[in-house]
Amino acid sequence: MHASPFTPIGSWRANGQAPAFEPEALLAAVARVREPSHVVREEKAGRLGVAFAGEFVPGSGANGAGYPLMATLPALYPEWLGDRSFLETHRVRFPYVSGAMANGIATSALVIAMAQAGMLGFFGAAGLSIDRIERALDEIEAALGRGGPPWGSNLIHSPNEPDLEEAVVDLYLRRGVRRVCASAFMSLTPAVVRYAISGLTAGPSGAVRRHNYVFAKISRPEVARRFLSPAPPEILRALLAQGRINAPEAELAARVPLAEDVTVEADSGGHTDNRPLTALFPTIVNLRDELVARHAYERPIRVGAAGGLGTPTAVAAAFSLGASYVLTGTVNQAAVESGLSAEGKRMLAQAGIADVMMAPAADMFELGVKVQVLKRGTMFAVRAQRLYDLYVRHESLESLGAEERAKIEAEILRAPAEEVWAETQRFFEVRDPREAARAERDPKHRMALVFRWYLGKSSRWAIAGDPDRCLDYQIWCGPAMGAFNAWTAGSFLAVPENRTIVQIARNLLEGAAVVTRAQQLRSYGVAVPPPAFDFRPRPLA
Ligand SMILES: Cc1cc2nc3c(=O)[nH]c(=O)nc-3n(C[C@H](O)[C@H](O)[C@H](O)COP(=O)(O)O)c2cc1C
């Protein structure tokens, strides 16, 4: 082993934070397990690290403890776990993002708390009206100020409502929202291209400067390829012809990828392809490397990891896969600042690792798309699947048969189908009259809209905490929740009031640094005992 000099990198160590490992515990534990690898503590100029020592020679050794120094490991900070360019580009302290959660479950309060703690949070704009989104932008801006700490909002692909997607982009450009998380895209739309390209300029050195950042959330290589490539020329030409971007922007667009941050999403809550991170992440990194080389981009593209991250070990694993940053979702829904009802959070706190299942999605119901939801304590998944099966087998509500229809009216809709249709029709006449007209003509579509009424309402009941509809709560949830509950059991984070978004994030990060440090020691041949990998949640300042 060679002595590795402590190389200061950056200014974080100057901020007076305690380093992220527990030297006393580690010292005692390692010394007990394997004497020759006795570990001593190095404390120089306020830095704290762990050093290995070789065989005991009384009176010798640089530290005077009788152990010749063989190697040192400097202190490790959570700030260093990811890609430094992520911190610099987005002006955050930690390589940690809280993902958007639809219908305002990722509230403005959640985004504000994240920003104030030096992390990036995305507002859950999906499913909300333009007015409601704008209200949230007002709240965030009032708390953080213009030019304050960075934050973002969601741009969700709306295949059924392209006008809405355009209107959201108009709003974001008008209000100067500089970071969006682009999700549910299968192919690129003019709206997302317009957002990414607007404001591109050439800097004094000729390098392309970006005004708006797209965080593309992907779980498939073919979608990743689109975001990792420059904007398609045909879309740029159309936007230019419509005067929606200018000529320099269109020209500079050929030199940059659409997204410089790509979040690889493994098995997660909500929309998911249920892929394991260990299979998906390296695949996307290879693709990124191929496209960076092909297009000779001027800047690196960062790849973040999401899906299944609910424990320090999982976060450490994501960083050791090479993640530039990590993004969490499910565990944040249990946070104090989340928009989910107290009853919904209580149900989440009971979840074990297997208490999730795939259920039909409200937005792409007819296509058979599914989302991962909480199974324990709610009948939603089973009931929604029953509605989907009926939709596939029947051509209209009328053809369901009196008995079947009576059952779903009594057990699921709790209202006559005609009444539900009347309410749905009124909704679509305002929101999208084309849908209402199509349903008038097409009885199968009418049935789909009636069933989607239940799927849409079930999320609202969970958010509002409707006591009469507990058994119908639709709560998006991935296996990370069960892992988080098992990790936090008996700790201060098991108490719902203590589960603030920042304590969740800081504990995951701090724990990931501890686990990483223990693994570093192990990789140097130290017989590191299991407790060194076990980080218990604690209030972190
Ligand atoms: C309740 C809930 C709602 C979500 N809504 C959205 C959304 O509207 N847009 C989006 O991009 N991702 C959404 N997600 C995904 C998260 O942003 C995040 O990518 C994902 O939850 C990460 O995986 P995890 O659940 O295993 O932590 C949602 C997740 C949950 C749990």
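From a predicted model like this one, the values you see are computed outputs, not experimental measurements.

Peer 1: Looking at this model, I keep getting lost on the site of the ligand. Mind explaining?
Peer 2: Around the ligand, a shell composed of 22 residues is seen, among which Ala-100, Ser-183, Glu-265, Gly-308 and Thr-330 lie nearest. Between the ligand and the protein, one listed contact pairs a nitrogen atom with a side-chain N or O atom of Asn-154 at 2.8 Å. Lys-217 is positioned with one of its side-chain polar atoms (N or O) 2.7 Å from an oxygen atom of the ligand. The fraction of the free accessible surface of the ligand (600 Å²) that becomes covered by protein chains is 97%. Counting only elements with at least two residues in the shell around the ligand, the list comes to strand S7 (179–183), strand S14 (326–328) and helix H12 (330–333). Across the shell around the ligand, the residue classes tally to 8 nonpolar, 11 polar and 3 charged.

Peer 1: Looking at this model, I keep getting lost on unusual backbone geometry. Mind explaining?
Peer 2: Among all residues except glycine, the phi angle is most often negative; among peptide bonds, the trans geometry is most common. In this structure, Arg-91 takes a positive phi of about 55° despite not being glycine. Inspection of the secondary structure puts Arg-91 in the loop between helix H2 (84–90) and strand S4 (96–98). One non-glycine residue, Asn-274, adopts positive backbone phi at about 60°. Along the chain, the position of Asn-274 falls in the loop between strand S12 (270–271) and helix H10 (277–295).

Peer 1: Help me understand helix H5 (residues 162–175) in this model?
Peer 2: Counting along an α-helix, one turn takes 3.6 residues, and residues three or four places apart therefore face a common direction. Spanning 14 residues, H5 covers 20 Å between terminal C-alpha atoms, matching the ideal 20 Å at 1.5 Å per step. In this structure, the buried side of H5 is in contact with helix H4 (130–144), strand S6 (152–156), S7 and helix H6 (190–197). One or two steps after H5, the chain reaches Gly-176, where phi turns positive at roughly 70°.

Peer 1: Just to check I follow, could you spell out the pairing of S6 for this structure?
Peer 2: Regular strands place their side chains on alternate faces of the sheet. Among the 5 residues that make up S6, 4 are buried, leaving the element largely enclosed by the rest of the structure. Where strand S5 (residues 120–123) meets S6, 2 bridges bridge the pair, whose relative direction is parallel. Note that in S6 the partner of Phe-123 across the bridge is Ser-153. One ladder, built from 4 bridges, connects S6 with S7; its direction is parallel. The residue of S7 that forms the bridge with Ser-153 is Val-180.

Peer 1: It is not clear to me how the pairing of strand S13 (residues 302–306) should be interpreted in this structure. Could you clarify?
Peer 2: Burial runs high along S13: 5 of the 5 residues are buried. Neither face of S13 is left uncovered, since the one carrying Arg-302, Gly-304 and Ala-306 and the one carrying Val-303 and Ala-305 both have all their residues buried. Sheet analysis places strand S11 (residues 261–265) next to S13, joined by 5 bridges and oriented parallel. Note that in S13 the partner of Val-262 across the bridge is Val-303. Alignment of S13 against S14, held across 2 bridges, turns out to be parallel. Residue pairing for S14: Ala-305 is matched across the bridge by Val-326.

Peer 1: Quick question: what am I supposed to make of the pattern of salt bridges here?
Peer 2: Opposite charge on two side chains allows them to pair when their charged atoms are near. Scanning the model with the defined rule gives 34 salt bridges in all. For Arg-386, the salt bridge goes to Glu-404, with nearest N and O atoms at 3.7 Å. Residue Arg-386 is located in helix H14 (residues 380–393), and its partner Glu-404 is located in helix H15 (residues 402–413); the two are separated by 18 residues in the primary sequence. Through salt bridges with shared partners, a single ionic network connects Glu-134, Asp-138, Glu-141, Arg-146, Arg-174 and Arg-175.

Peer 1: Where do I start with the packing of helix H3 (residues 108–116) against H4 in this structure?
Peer 2: H4 packs onto H3 with a crossing angle of 30° between their chain directions and a minimal axis gap of 9 Å. Overall, the two elements H3 and H4 adopt an arrangement that is roughly parallel. In the crossing of H3 with H4, the sense of the turn from one axis to the other is right-handed. Contacts between H3 and H4 involve Ser-108, Val-111, Ile-112, Ala-115 and Gln-116 on the former and, on the latter, Ala-136, Glu-139, Ile-140, Ala-143 and Leu-144. Among the residues forming the contact of H3 with H4, the class breakdown is 7 nonpolar, 2 polar and 1 charged.

Peer 1: Even after reading the chapter, I still don't get the nonpolar core, so can you show me in this structure?
Peer 2: Generally speaking, nonpolar side chains in soluble globular proteins are found buried as a group. In terms of nonpolar packing, the biggest core is built from 149 residues, with Tyr-96, Tyr-172, Val-193, Phe-227 and Phe-451 touching the most fellow members. Other than its neighbours up to four places away in sequence, Phe-227 contacts Ala-182, Phe-185, Leu-188, Val-192, Val-214, Ala-216, Ile-218, Pro-257, Leu-258 and Ala-259. If you look at the next biggest cluster of nonpolar residues, it comprises 13 residues, including Val-92, Phe-215, Tyr-325 and Leu-327.

Peer 1: Can you help me understand the sheet that holds S12 in this one?
Peer 2: Strand order in the open sheet formed by 3 strands is S12-S16-S15, with antiparallel pairing between adjacent strands. Edge positions in the open sheet fall to S12 and strand S15 (356–360), since each of these has one partner strand only. As judged from the 5 bridges shared by S15 and strand S16 (residues 370–374), these two strands associate in the antiparallel manner. Looking across to S16, one finds that Pro-360 is bridged to Lys-370.

Peer 1: It is not clear to me how the environment of Ala-136 should be interpreted in this structure. Could you clarify?
Peer 2: One can find Ala-136 in helix H4. C-alpha of Ala-136 to C-alpha of Ala-109: the two residues are 27 residues apart in sequence and 9.0 Å apart in space. Setting aside residues up to four positions removed in sequence, Ala-136 forms contacts with Ser-108 and Phe-123.

About the thresholds
- Residues numbered from 1 in each chain as written.
- Predicted model: local features only at pLDDT ≥ 70, side-chain atom pairs only at ≥ 80, totals over all residues.
- Heavy atoms only, no water.
- Near = heavy atom within 4 Å.
- Polar contact = N/O pair within 3.5 Å; in protein donor to acceptor, adjacent residues only side chain to side chain.
- Areas by Shrake-Rupley, 256 points an atom, 1.4 Å probe, with all protein chains shown as cover.
- Helix = DSSP H or I, 4+ residues; strand = E, 2+ residues; numbered from the N terminus.
- Nonpolar A, V, L, I, M, F, W, Y, C, P; charged D, E, K, R; others polar.
- Expected span 1.5 Å × (residues − 1).
- Contact = heavy atoms within 4.5 Å.
- Buried < 20%, exposed > 50% of the residue type's maximum accessible area, 1.4 Å probe, protein only.
- Pairing = 2+ DSSP bridges.
- Salt bridge = Lys/Arg side-chain N within 4 Å of Asp/Glu carboxyl O.
- Axes fitted to C-alpha atoms, helices over the stretch in contact; angles between N-to-C directions.
- Parallel < 35°, antiparallel > 145°, perpendicular 65-115°, else oblique.
- Left-handed = near helix turned anticlockwise from the far one by under 90°.
- Core = buried A, V, L, I, M, F, W, Y, C linked by side-chain atoms within 4.5 Å.

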